[in-house]
Amino acid sequence: MHPFDPVDPHFLADPYPAFAALRALGPVHAHALLGTPVAVSHGACSELLRSRDLGRIWADAEPAADFPAFNLLHRNSLLEREGPAHDRLRVLVAGAFNRGHAARLEPWVRGLAGRLVDELAERIDADGSADLMSTVAARLPVEVIAELLGVPEPERSALRGWSGAIVTMYEPDPGEHRRRAAEQAAADFVDALRGLVAHRRAHPGDDLVTDLVEADVEADELVGTAALLLMAGHEATVNVIGNGVLALLRHPVQWQRLVGDPGLDATAVEELIRYDPPLQLFERTAVVDTTVAGHPVPAGTKIAALLGAAARDPRAFDRPDELDVGRRRNPHLGFGAGVHYCLGAPLARLEVAAALDALRTRLPGMALAAEPSRRPDFVMRGLRELRLAV
């Protein structure tokens, strides 16, 4: 028996009733199709993310000889490390972030968001409707990550495709074609970043790669860190913007609240991350025999946090199935928790706020032009297309 099918289109369209049914039965459940138990309550997911008895223990994609670049990126990623190795690299990356990159980029990010939404509005004027995903949501974060890292053309334009191909490997059954595409994208990314690192050693710039080079981060660790920023920063922000705008359009009273009160931007960003999270599942592995919400997790076995289920837990949120852009008490887990809390959270918040501000200013009367097209993925929840009209 399994509590839901992660490839069922009906489940993917709205997984939250299935999550609610699971929460009513208990905080942790076995899941045969996913091959790991899943935590579904906010309390259990929070415990899972914060426990030092659980870690991210990387196991190479197999056969390892077929995935040298994909495995290199993850073996050297901050997210896939624990203990002293994690702490050392996190201090170096945090130090680079703390040099004020988000603040430095804010005017540029807001200007870029405005230009992209202007283009969206022009396409709507010309054609009657236009796609938010391809025109704004997919382009904004990849440009921001490229600017943060100092990636030049032509690699800058390729980043979006590389990210999209690599993250499909996180799905329960990506299939052989997507596995091959993920390895090719990882190899292209490794080559590009190694070239950029070598260039920055000789020609420093005002970017995160230069900061990490000057902090003596080892070359493969630097490439793995850049890949993590690309995949986490790009994919999550694309889907927060897409999922969030769709939620606002399906709750027009909330959109009009936001249009009328820019002071709600900060709470609205947190609410959109909570209401329909872009990352639905996050796995950890027991480093010793332990438990999560009373469920035994023997050493070496995996357990997953269903972040979408935690986001609708009535024990953690008032009226959890309602969208409320002014929500004040909002302990969502969209940026993780504990030692792996997302270092890029301030930049992600800035990007989403900039997109909302540009949409409010240029398209206050935006509306759905057609039913959205959803990606057929469970772990990374998002849309393929979201056509807007006025």
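Refer to the preceding data block for the structure.
Rules used in this analysis
- Residues numbered from 1 in each chain as written.
- Predicted model: local features only at pLDDT ≥ 70, side-chain atom pairs only at ≥ 80, totals over all residues.
- Heavy atoms only, no water.
- Core = buried A, V, L, I, M, F, W, Y, C linked by side-chain atoms within 4.5 Å.
- Buried < 20%, exposed > 50% of the residue type's maximum accessible area, 1.4 Å probe, protein only.
- Helix = DSSP H or I, 4+ residues; strand = E, 2+ residues; numbered from the N terminus.
- Contact = heavy atoms within 4.5 Å.
- Pairing = 2+ DSSP bridges.
- Axes fitted to C-alpha atoms, helices over the stretch in contact; angles between N-to-C directions.
- Parallel < 35°, antiparallel > 145°, perpendicular 65-115°, else oblique.
- Left-handed = near helix turned anticlockwise from the far one by under 90°.
- Nonpolar A, V, L, I, M, F, W, Y, C, P; charged D, E, K, R; others polar.
- Arc of directions from axis to C-beta.

S.K.: Help me understand the nonpolar core, please; the structure alone is not making it clear to me.
M.R.: With 96 residues, the main nonpolar core has Leu73, Leu120, Leu132, Leu140, Phe189 and Leu359 as its most contacted residues. No other element matches the 16 residues that helix H12 (residues 219-250) contributes to this core. Excluding residues that lie within four positions of it along the chain, Leu132 makes contacts with Leu120, Ala137, Ile241, Gly242, Val245, Leu359, Leu386 and Leu388. Residues Ala39, Ala44, Ala286 and Ile303 belong to the second largest nonpolar core, which totals 17 residues.

S.K.: I tried to follow the sheet that holds strand S4 (residues 130-131) on my own but got confused; where do I start?
M.R.: Hydrogen bonds between backbone atoms are what pair the strands of a sheet, whose relative direction is either parallel or antiparallel. Overall, antiparallel pairing links the three strands, which are arranged S4-S12-S9 in an open sheet. In this open sheet, the two edge strands, each paired with only one partner strand, are S4 and strand S9 (367-368). Relative to strand S12 (residues 387-389), S4 runs antiparallel, the two sharing two bridges. Counted as the bridge partner of Asp131 is Arg387 from S12.

S.K.: Can you walk me through the packing of helix H6 (residues 101-127) against helix H8 (residues 139-149) in this structure?
M.R.: Helix-helix packing is characterised by the crossing angle of the two axes and by the distance between the axes. The interhelical angle for the contact between H6 and H8, taken along N-to-C directions, is 150°, at an axis separation of 10 Å. The angle between the axes of H6 and H8 places the two elements in the roughly antiparallel class. Crossing handedness for the pair H6 and H8: right-handed. Residue-level inspection shows His101, Leu105, Trp108, Val109, Leu112, Ala113, Leu116, Glu119 and Arg123 of H6 in contact with H8, the latter providing Arg139, Leu140, Glu143, Val144, Glu147 and Leu148. Residues belonging to the contact of H6 with H8 are distributed by class as follows: nine nonpolar, one polar and five charged.

S.K.: Just to check I follow, could you spell out H8 for this structure?
M.R.: Three- or four-residue spacings in an α-helix give side chains the same orientation, since the helix completes a turn every 3.6 residues. For H8, the tally of buried residues reaches eight of 11 residues, placing the bulk of the element in the interior. Turning to H8, its buried residues are Leu140, Pro141, Val142, Val144, Ile145, Ala146, Leu148 and Leu149. Taken from the residues just after H8, Gly150 is the one with a positive phi, measuring 80°.

S.K.: What is the right way to look at helix H2 (residues 16-25) in this model?
M.R.: Restricting attention to buried positions, one finds in H2 the residues Tyr16, Phe19, Leu22 and Arg23. On an axial view of H2, the arc spanned by its buried residues comes to 115°, and they lie on one face. Exposed residues lying more than 90 degrees from the buried face of H2 are Ala24 and Leu25. Those residues of H2 that are buried lie in contact with helix H1 (9-13), strand S1 (28-29), helix H14 (265-275), strand S8 (302-306) and helix H15 (307-310).

S.K.: Explanation requested: the pairing of strand S5 (residues 281-286) in the structure shown.
M.R.: Side-chain positions along a regular strand alternate between the two faces of the sheet. The element S5 is extensively covered by neighbouring structure, given that five of its six residues are classed as buried. Taken together, the two bridges between strand S3 (residues 54-55) and S5 define a ladder with antiparallel strand orientation. Looking across to S5, one finds that Gly55 is bridged to Thr285. The pairing of S5 with S8 spans five bridges and is antiparallel. Paired with Leu281 across the bridge in S8 is Leu306.

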